[in-house]
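# Observations on chain architecture
Residues per chain are reported as follows:
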Amino acid sequence: MATPTKRRLPSGRGFLLTLFALFVVYYGAYFFLRGPLPAAPQFIAHRGGKVTTPENTLASFRNAIARGADYLEFDVQMTVDGHLVVIHDVTVDRTTNGTGLVGEMTLDQITALDAGKGESVPTFAEVIQLAKENGVDILPEAKSPALYPGLGEKMVNEIIAANYLGHTIIQSFAPETLKEILTHHPDVQFCLLTGLWKFSLPNQTPGQTTASCPMAEMVLLNPWMVRAAHARGQQVYIWFGAIEHPLTARLMLAFGADGVMVDDLAASAEMFGR
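Residues numbered from 1 in each chain as written. Predicted model: local features only at pLDDT ≥ 70, side-chain atom pairs only at ≥ 80, totals over all residues. Heavy atoms only, no water.

### What to know about the state of the cysteines
For the coordinates displayed, the defined rule picks out one disulfide. Disulfide pairing places Cys191 opposite Cys213 at an S-S distance of 1.5 Å. Between Cys191 and Cys213, the S-S dihedral sits near 120 degrees, and the bridge is therefore right-handed. Of this pair, Cys191 sits in strand 6 (residues 189-193) while Cys213 sits in strand 7 (residues 211-213), and the two are 22 residues apart along the sequence. On the basis of relative accessible area, Cys213 is assigned to the buried category, the value being 0%. (Disulfide = S-S within 2.5 Å. Helix = DSSP H or I, 4+ residues; strand = E, 2+ residues; numbered from the N terminus. Buried < 20%, exposed > 50% of the residue type's maximum accessible area, 1.4 Å probe, protein only.)

Written as structure tokens, this is what we have:
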């Protein structure tokens, strides 16, 4: 009589089951050890919320305020004549009806452009004033600071002139820019941005960095960076590269994010109680 043989799972199916088990253990351990969730995660309008209104314009920021955003997030660059303007790219080509480098245009030239639906490129001072009038905090990024010597210092000076320092967190991918500001303004709040392939947050950050701002895709792979930042007393504000969706935003909040930067304000408002 033949000896019965044990039925084996196909190698591919066995691999998938092992992978699933590791997935459950990895994320299950995180949720078990995560700690308490922030009581009031921040609803952050990324570039004002560019899905329904032209990005980085006063129209987008007004819409974000109407939607109940806690923070206005935007990008700050400098014109050739030394004025601070709110625009994301180093050229005006994508977001306006003009062409050319921001750093080679005067304030008059850049504000004469159409940034979409008749909106103009706003100045940094205009956005600060709008936020101040409506009691909304701001999260400006010092954009491409290597192209604009003194950008960080000018930003701080305009924030101080508007008496809005306590409602501002300056963000940048360049820690050297944050360190430079700190030498003259140690009371400024910072958020150090990290991007693609940054699976952990730096142990050494400029001064008393208020927050860390990692990329959502990297947090998805390593949510433990959120716990590590909280252990250092930092808040975590997360930005999306390509996977923004209400489900992924909810997942970031479940990981313990203190705030999430979103483009689609209407789709995300409910999860923040707006």
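And the narrative resumes.
### Quick notes on a nonpolar patch on the surface
Side chains of Leu196, Trp197, Phe199 and Leu221 sit close together on the surface and give an oily, nonpolar patch of about 450 Å² of accessible area. With respect to the helices and strands, Leu221 occurs in helix 7 (residues 216-221). (Patch = residues over 30% accessible without salt bridge, like charges linked within 9 Å, V, L, I, M, F, W, Y side chains within 5 Å. Areas by Shrake-Rupley, 256 points an atom, 1.4 Å probe, with all protein chains shown as cover. Salt bridge = Lys/Arg side-chain N within 4 Å of Asp/Glu carboxyl O.)

### A short note on the pairing of strand 9 (residues 259-262)
The alternating pattern of strand 9 places Gly259 and Met261 and Val260 and Val262 on opposite faces, both of which are buried. Note that strand 1 (residues 42-46) and strand 9 share four bridges and pair parallel. Paired with Ala45 across the two strands is Val262, which belongs to strand 9. Note that strand 8 (residues 235-238) and strand 9 share two bridges and pair parallel. (Pairing = 2+ DSSP bridges.)

### Observations regarding the packing of helix 2 (residues 58-66) against helix 4 (residues 124-134)
In helix packing, the relevant descriptors are the interaxial angle and the interaxial distance, both defined with respect to the helix axes. Contact geometry of helix 2 with helix 4 gives a least axis separation of 11 Å together with a crossing angle of 20 degrees. Regarding the angle of helix 2 to helix 4, the classification is roughly parallel. Viewed along their axes, helix 2 and helix 4 form a crossing whose handedness is right-handed. Listed contacts from helix 4 to Leu58, Phe61, Arg62 and Ile65 of helix 2 are Glu126, Val127, Leu130 and Asn134. Here the residues of the contact of helix 2 with helix 4 are counted per class, giving five nonpolar, one polar and two charged. (Axes fitted to C-alpha atoms, helices over the stretch in contact; angles between N-to-C directions. Parallel < 35°, antiparallel > 145°, perpendicular 65-115°, else oblique. Left-handed = near helix turned anticlockwise from the far one by under 90°. Contact = heavy atoms within 4.5 Å. Nonpolar A, V, L, I, M, F, W, Y, C, P; charged D, E, K, R; others polar.)

### Here we look at the nonpolar core
Counting residues in each nonpolar core, the largest one holds 81 residues, and the members touching the most others are Leu72, Phe74, Met252 and Val260. The residues contacting Val260, other than those within four sequence positions of it, are Gln42, Phe43, Ile44, Ile238, Phe240, Ala249, Met252, Leu253 and Phe272. (Core = buried A, V, L, I, M, F, W, Y, C linked by side-chain atoms within 4.5 Å.)

### Considering the environment of Leu72
Positionally, Leu72 belongs in strand 2 (residues 71-78). Of the residues examined, Leu72 reaches a relative accessible area of 0% and is grouped as buried. For Leu72 and Ile128, which are 56 residues apart along the polypeptide, the C-alpha to C-alpha distance reads 9.5 Å.

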